[in-house]
Amino acid sequence: MAHDIHIIGGGLAGSEAAWQLAQAGVRVRLSEMRGSGATTPAHQTDGLAELVCSNSFRSDDAERNAVGLLHAEMRGLGSLIMAMGDRHAVPAGSALAVDRDGFSAGVTAALSAHPNIAIVRERIDTLPDGAAIIATGPLTAPALADNIGAETGRDALAFFDAIAPIVHRDSIDMSIAWMQSRWDKGETKDYINCPMNREQYLAFHAGLIAGEKTDYKEWENVPYFEGCMPIEVMAERGVDTLRYGPMKPVGLDDPRTGRWPYAVVQLRQDNASGTLWNIVGFQTKLKHAEQVRLFRTIPGLENAEFARLGGLHRNTFIRSPELLDASLRLKSRPNIRFAGQITGCEGYVESAAIGLLAGRFAAAELAGRTMTPPPVETALGALLHHITGAAEAESYQPMNINFGLMPPIEGRTKKADRKLIYTARARAAMATWAAA
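Cut-offs and rules
- Every chain is numbered independently, its residues counted from 1 as its sequence is written.
- Totals for whole chains, interfaces and linings use every residue, but because this is a predicted model, local features are given only for residues with pLDDT of at least 70 and side-chain atom pairs only at 80 or more, for both listing and counting.
- In computing side-chain properties, one takes all heavy atoms of the structure into account and sets aside hydrogens as well as water.
- Helix and strand definitions follow DSSP, with helices as H or I runs of at least four residues and strands as E runs of at least two, each counted in order from the N terminus.
- In this description the radius of gyration comes from C-alpha coordinates, and the expected globular size is given by 2.2 Å times residues to the power 0.38.
- Partly exposed residues are those whose accessible area sits between 20% and 50% of the maximum for their type, while under 20% is buried and over 50% is exposed, using a 1.4 Å probe and protein chains only.
- Contacts: residue pairs with any heavy atoms within 4.5 Å of one another.
- Methods summary: accessible areas were calculated by the Shrake-Rupley approach with a probe of 1.4 Å, and residue burial reflects only the protein chains presented.
- Two strands qualify as a pair provided DSSP detects at least 2 bridges between them.
- Here a cavity is any set of points on a 1 Å grid over the protein atoms alone where a 1.4 Å probe fits but cannot get out, and a pocket is any open set with protein on both sides within 12 Å along at least 5 of 7 lines; a residue lines the site when it has an atom within 4 Å of a point.
- Grid points are joined across faces, edges and corners, and a volume is the space filled by probe spheres set on the points.
- Classification of ring pairs uses Phe, Tyr and Trp, with its six-membered ring standing for Trp, and accepts pairs whose centres are within 6.5 Å; under 30 degrees between planes counts as stacked, over 60 as edge-to-face, and the remaining range as tilted.
- Look at NZ for Lys and CZ for Arg. If either is within 6 Å of the ring centre and within 35 degrees of the ring normal, a charge sits over the ring.
- Each nonpolar core is a collection of buried residues, namely Ala, Val, Leu, Ile, Met, Phe, Trp, Tyr and Cys, held together in the definition by side-chain atoms within 4.5 Å.
- Axis geometry follows a simple rule: fit a line to the C-alpha atoms, using only the stretch in contact for helices, then measure angles between N-to-C directions, giving values from 0 to 180 degrees.
- Within this analysis, patches are made of residues with over 30% relative accessible area and no salt bridge. Like charges are joined at 9 Å or less; nonpolar side chains (Val, Leu, Ile, Met, Phe, Trp, Tyr) at 5 Å or less.
- A side-chain nitrogen of Lys or Arg and a carboxyl oxygen of Asp or Glu constitute a salt bridge if their distance falls within 4 Å.
- With respect to orientation, any angle under 35 degrees is reported as roughly parallel, any angle over 145 as roughly antiparallel, any angle of 65 to 115 as roughly perpendicular, and every other angle as oblique.
- Gly falls in the polar group here, along with every residue not listed as nonpolar (Ala, Val, Leu, Ile, Met, Phe, Trp, Tyr, Cys, Pro) or charged (Asp, Glu, Lys, Arg).

Chemist: I keep staring at the overall build of the protein and nothing clicks. Help me out?
Modeler: A tally of helices and strands in the protein yields twelve helices and 17 strands. Scaling as 2.2 N^0.38, a compact globule of 436 residues should have a C-alpha radius of gyration of about 22 Å, and the protein matches this with 22 Å. Along the longest, intermediate and shortest principal axes, the C-alpha atoms of the protein span 75 × 45 × 45 Å. Expressed as a percentage of the 436 residues in the protein, the buried residues total 55%. In the protein, 69% of the contacts between residues at least 6 apart in sequence involve partners at least 24 apart. With the model as given, the accessible surface of the protein reaches about 18,200 Å², and the carbon-plus-sulfur share is 51%.

Chemist: I tried to follow the sheet that holds strand β7 (residues 132-134) on my own but got confused; where do I start?
Modeler: Across a sheet, paired strands are connected by hydrogen bonds in the backbone, their directions being either parallel or antiparallel. Read from one edge of the open sheet, six strands run β6-β2-β1-β7-β17-β16, paired in mixed fashion. The open sheet has two edge strands with one neighbour each: β6 (117-121) and β16 (329-330). In this sheet, strand β17 (residues 333-338) lies alongside β16 in antiparallel orientation, the contact comprising two bridges. In the strand pairing of β17, leucine 330 is matched with arginine 333.

Chemist: What's the story with empty space enclosed by the protein in this structure? I'm lost.
Modeler: Using a probe with the size of a water molecule, rolled over the atoms, empty space left in the structure can be pinpointed. For the structure on display, the rule yields one cavity of 30 Å³ or more. For the largest cavity, the calculated volume is near 40 Å³. Taken together, Ile5, Ala131, Ala132, Asn335, Arg337, Ala362, Glu365 and Leu366 make up the lining of the largest cavity. Those elements that provide at least two residues to the lining of the largest cavity are β17 and α10 (348-366). If one sorts the elements of the lining of the largest cavity by residue count, α10 sits on top with three residues.

Chemist: Could you clarify how one ought to interpret the packing of aromatic side chains in this entry?
Modeler: The description of two aromatic rings rests on the distance between their centres and on the angle between their planes. Within the structure shown, the criterion is met by ten aromatic pairs. An aromatic cluster is present here, built from Phe204, Phe282, Phe295 and Phe306 joined pairwise through their rings. Positioned over the ring face of tyrosine 262 is arginine 243, at 3.8 Å from the centre of the ring.

Chemist: Even after reading the chapter, I still don't get the nonpolar core, so can you show me in this structure?
Modeler: Burial of nonpolar side chains together is a common tendency in soluble globular proteins. If you look at the biggest cluster of nonpolar residues, it comprises 87 residues, and the most contacted ones within it are Phe57 and Phe103. In this structure, Val167, Cys194, Ile279 and Phe306 belong to the second largest nonpolar core, which totals 30 residues.

Chemist: What should I look at first to understand the sheet that holds strand β5 (residues 95-98) in this one?
Modeler: Read from one edge of the open sheet, three strands run β3-β5-β4, paired in antiparallel fashion. Sheet topology places β3 (56-59) and β4 (89-90) at the edges, where each strand pairs with a single neighbour. In this structure, β3 lies alongside β5, joined through two bridges in antiparallel fashion. The residue bridging serine 59 from the neighbouring strand is alanine 95, located in β5. Running at roughly 115° to β3, helix α2 (residues 66-76) makes contact with β3 and β5 of the sheet.

Chemist: Looking at this structure, I do not really get a nonpolar patch on the surface. What am I missing?
Modeler: Residues Trp183, Val250 and Trp260 make up a contiguous nonpolar surface patch of about 320 Å² in total accessible area. In this fold, valine 250 is placed in the loop between α7 (231-236) and β12 (263-269).

Chemist: How should I be thinking about the pairing of strand β13 (residues 276-279) in this particular structure?
Modeler: Two faces make up the sheet, and in a regular strand the side chains alternate between them. With burial as the criterion, each face of β13 is covered, one bearing Leu276 and Asn278 and the other bearing Trp277 and Ile279. Of the pairings in the sheet, the one linking strand β9 (residues 166-168) to β13 comprises three bridges and is antiparallel in character. Its bridge partner lying in β13, isoleucine 166 is registered against asparagine 278. Taken together, the three bridges between β12 and β13 define a ladder with antiparallel strand orientation. By the bridge assignment, glutamine 269 is partnered in β13 with tryptophan 277.

Chemist: Whenever I open this one, the packing of α10 against helix α11 (residues 379-390) confuses me. Can you help?
Modeler: A pair of packed helices can be characterised by two numbers: the angle between their axes and the separation between those axes. α11 packs onto α10 with a crossing angle of 85° between their chain directions and a minimal axis gap of 10 Å. By the angle between their directions, the pair α10 and α11 is classed as roughly perpendicular. Every residue of α11 that contacts α10 at Glu350, Ala353, Ile354, Leu357 and Phe361 is listed here: Leu380, Leu383, Leu384 and Ile387. Here the residues of the contact of α10 with α11 are counted per class, giving eight nonpolar, no polar and one charged.

This is the structure we're talking about:
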């Protein structure tokens, strides 16, 4: 079958993009290397949209949860991934979890049966010359990854994902923490500083060493780099190593004492609106529950709410805020769009959401139309905006959808009502956009 667009990668993003394009009448060639004799170290089958890790799509609460809101927006736009997720749901309380085998089989069957889709089991090693969507995920085959690196510049392609935890700004206790740059350099106070006395520091240090860590999978094969050293590995080098590294207190005067603390945990702004702050130098392989427990012992973070927890693993993603335009096109080669986890979004649903948008942008372009991106007040729009420009390119790391990616709510509101206000605003904005 002749095709109008070539999609490389049959994961959640590629599958969703193919469906959106085919439903719009566009002829799609969907290339998936699994089933051709090639595979990845993580996949177990050659089924499309295979769920490699968890079987959970996380919360399905569209009133109080950002990912639940994203579910609802995708359902409203005819998402194949959400339709198959609902069809193959298993009991999971307020979350949406799926039978992974039934889900993958359902996606594969739907795409295989569509008259506008040709699924080809083949490995693609170079970027196509025609209209294309690259949706190869975090385990992109080495030859194609090298080709992408050659096109974008090696520094714009990451193979090592060192993730620091991110905290919602409004959950930090500023009666304990304070704003200051080290030695008061610059006109702005760029960091939030959380002080520790000696006893607090020693207890924290001991907790890092004793805390339960996630084991590496063999296929991750992650080396340690000095600039991305897990904080618990630094702690193992000596009791004072952190005080001379990411937790050094020099040049930071605690306003409550007028003196330098024994140690300081610093947080740096992570998005343009200042709603999200990352804990500097805290990439870690501690298990998530252990991170929450231990990081909430830091003065000022006792009630911290985390938009993302730390991690360290192999990943392949491009520096999207620098490389992609607002419709996910590669600026240096506008015939090519990127979608899914290779763009730096994190999570099954987020990956599929960016696939949905890439498919719709491409379908509009092929029809001679321009599609306006969804408003930043929506979950889809906020995620897209973060990927294509709102995030800091130099420190860009994979991110799940969360309310901190959306514009702040104006005026004074009760904290208990804030999530409801976000979702109500998002629904109104989505309705207006969809009707345009």
